[in-house]
Amino acid sequence: MGTLKIAIQKSGRLNEDSIQILKDAGISINNGIDQLKAEASNFPLEVLYLRNSDIPQYLIDGVVDIAIVGDNLLVEKGKNIEVIQKLGFSKCKVSVAVPKTFEYNSVKDLDGLRIATSYPNTVIDFFNSKGVTVDIHQISGSVEIAPNIGLADAIVDIVSSGSTLFKNNLKEVEVILKSEAVLAVSPKVSAESQKIIDTLKFRIDAVLRARKSKYILMNVPNDKIEAVSNILPVLKSATVMPLAQEGWSSVHTVIDKDTFWEVIDQLKSAGAEGILVCPIEKMVL
């Protein structure tokens, strides 16, 4: 069997989250400080630590087989690259921001103005779709300072918490797209590598399902089991086991963490008691 090559960002939060999901998928990576390449000890995988903005081109050229990358970069530099899994972390927005003193009513207010950005293709596509013409100033790094030094009238940049915009007296006025980390595949991937990708994706799917779910156990009077079961969004059916105390059963199931508290409130109202909640390490379907 060959070795699959995966690209991840060489530093920052995306790097940490990418390494973590691979580890959660049971892959042990022997990476040291400042290494640009590392091999997994228990899976046919080689990790290349690359500059984030370069990753789409490495995929296009087939230098790497897959990558964990922000899909905003694929929109900018790799529209034809296939995304096989959204990973749910490193979420952000690509947004238009203007000085706080700018009286903004609609995107038409930016017609003819200067826009500083690191995402020229994304900006061109967005404003063309709105019938607005802008003067693009492509810069890399510290985009948010451009209006303050007179380089641009507005910016298009990544926004996470919005604190950087606030510190630079800017306000978000349009969201061009929402982004998160994704697993992307090179269009030149070989059939042999595709088999390894399928195995890796299977593992990552199990990790992501587990992250989105909670395992709950509860004590339920036997005459309330039907009412409780009707509330539970289970995989197939809840597990019901009799307790030592006559007339009671233990009910086990999995619920979505996003609706956790709503479901818990309903279960308590339906008669469930002693509800225990446990994290799930992996969930294989």
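Residues numbered from 1 in each chain as written. Predicted model: local features only at pLDDT ≥ 70, side-chain atom pairs only at ≥ 80, totals over all residues. Heavy atoms only, no water.

1. Focus: the overall build of the chain
Each helix and strand counted, the chain has eight helices and 15 strands in total. Relative to a compact globule of 285 residues, whose C-alpha radius of gyration would be 19 Å, the chain shows 24 Å and is clearly more extended. Overall size of the chain, expressed as C-alpha extent along the three principal axes, is 75 × 55 × 35 Å. Here the chain holds 285 residues, and 44% of them are scored as buried. A separation threshold of at least 6 residues defines the contact pool for the chain, and within that pool the share at least 24 residues apart is 68%. Of the roughly 15100 Å² of accessible surface on the chain, a fraction of 48% belongs to carbon and sulfur atoms. (Helix = DSSP H or I, 4+ residues; strand = E, 2+ residues; numbered from the N terminus. Rg over C-alpha atoms; globule rule 2.2 N^0.38 Å. Buried < 20%, exposed > 50% of the residue type's maximum accessible area, 1.4 Å probe, protein only. Contact = heavy atoms within 4.5 Å. Areas by Shrake-Rupley, 256 points an atom, 1.4 Å probe, with all protein chains shown as cover.)

2. Brief notes about the UniProt feature "domain: ATP phosphoribosyltransferase catalytic" (unreviewed entry) in the chain
This chain's UniProt record puts "domain: ATP phosphoribosyltransferase catalytic" (unreviewed entry) on residues 51-205. The span residues 51-205 is 28% helix and 30% strand, and its two end C-alpha atoms sit 26 Å from each other. (UniProt positions renumbered as here; feature names shortened; annotations may be inferred.)

3. Concerning the nonpolar core
By size, the foremost hydrophobic cluster in this structure holds 29 residues, and its most contacted members are Ile6, Ile21, Leu45 and Ile68. At the level of elements, strand S1 (4-9), helix H1 (13-24), strand S3 (45-50), strand S4 (66-70), strand S11 (181-185) and helix H6 (191-211) are the ones that each hand at least two residues to this core. In terms of residue count, H6 provides more of this core than any other element does, six residues in total. (Core = buried A, V, L, I, M, F, W, Y, C linked by side-chain atoms within 4.5 Å.)

4. Remarks on H6
Counted at 1.5 Å a residue, the expected span for H6 with its 21 residues is 30 Å, and the 30 Å between its end C-alpha atoms agrees. Where H6 is buried, its residues meet S1, H1, S4, strand S5 (82-86), S11 and strand S12 (213-221). (Expected span 1.5 Å × (residues − 1).)

5. Examining the domain arrangement of the chain
Split into domains, the chain comes out as domain 1 (4-89 + 180-210), domain 2 (92-179) and domain 3 (214-279). Centre-to-centre separation of domain 1 and domain 3, based on C-alpha positions: 38 Å. (Domains from an automatic or database assignment.)

6. Topic: the packing of aromatic side chains
Applying the stated criterion to the full structure yields three aromatic pairs. An angle of 75° between the planes, with centres 5.1 Å apart, marks the rings of phenylalanine 126 and phenylalanine 127 as edge-to-face. Take phenylalanine 126: its relative accessible area is 10%, and that puts it in the buried class. For the ring pair phenylalanine 260 and tryptophan 261, a centre distance of 4.7 Å and an interplane angle of 75° mean the geometry is edge-to-face. (Phe/Tyr/Trp six-rings, centres within 6.5 Å; stacked < 30°, edge-to-face > 60°.)

7. Description of the sheet that holds strand S14 (residues 248-256)
Pairing between the strands of a sheet comes from backbone hydrogen bonds, and it takes one of two forms, parallel or antiparallel. Strand order in this open sheet of four strands is S13-S14-S12-S15, and the pairing throughout is antiparallel. A single partner strand is all that each edge strand has here, and the edge strands are strand S13 (239-242) and strand S15 (273-279). The mean inter-strand angle of the sheet, taken between neighbouring strand axes irrespective of direction, is 20°. As judged from the five bridges shared by S12 and S15, these two strands associate in the antiparallel manner. When the bridges of S15 are listed, isoleucine 216 appears paired with valine 277. (Pairing = 2+ DSSP bridges. Axes fitted to C-alpha atoms, helices over the stretch in contact; angles between N-to-C directions.)

8. Focus on helix H8 (residues 260-270)
Listed as buried for H8 are Phe260, Val263, Ile264, Leu267 and Ala270. Angularly, the buried residues of H8 cover 125° about the axis, an arc narrow enough to put them on a single face. Looking at H8, the residues exposed on the side facing more than 90 degrees away from the buried face are Trp261, Lys268 and Ser269. Looking at the buried side of H8, the elements it contacts are S12, helix H7 (225-231), S14 and S15. Once H8 ends, the next one or two residues include glycine 271, with phi positive near 115°. (Arc of directions from axis to C-beta.)

9. What to know about the sheet that holds S4
The strand order across the open sheet built from six strands is S2-S3-S1-S4-S11-S5, with neighbouring strands paired in mixed fashion. A single partner strand is all that each edge strand has here, and the edge strands are strand S2 (37-39) and S5. Between one strand and the next, the sheet's axes are offset by a mean angle of 25°, whatever the strand orientation. As paired elements, S1 and S4 share two bridges and run parallel to each other. Looking across to S4, one finds that alanine 7 is bridged to alanine 67.

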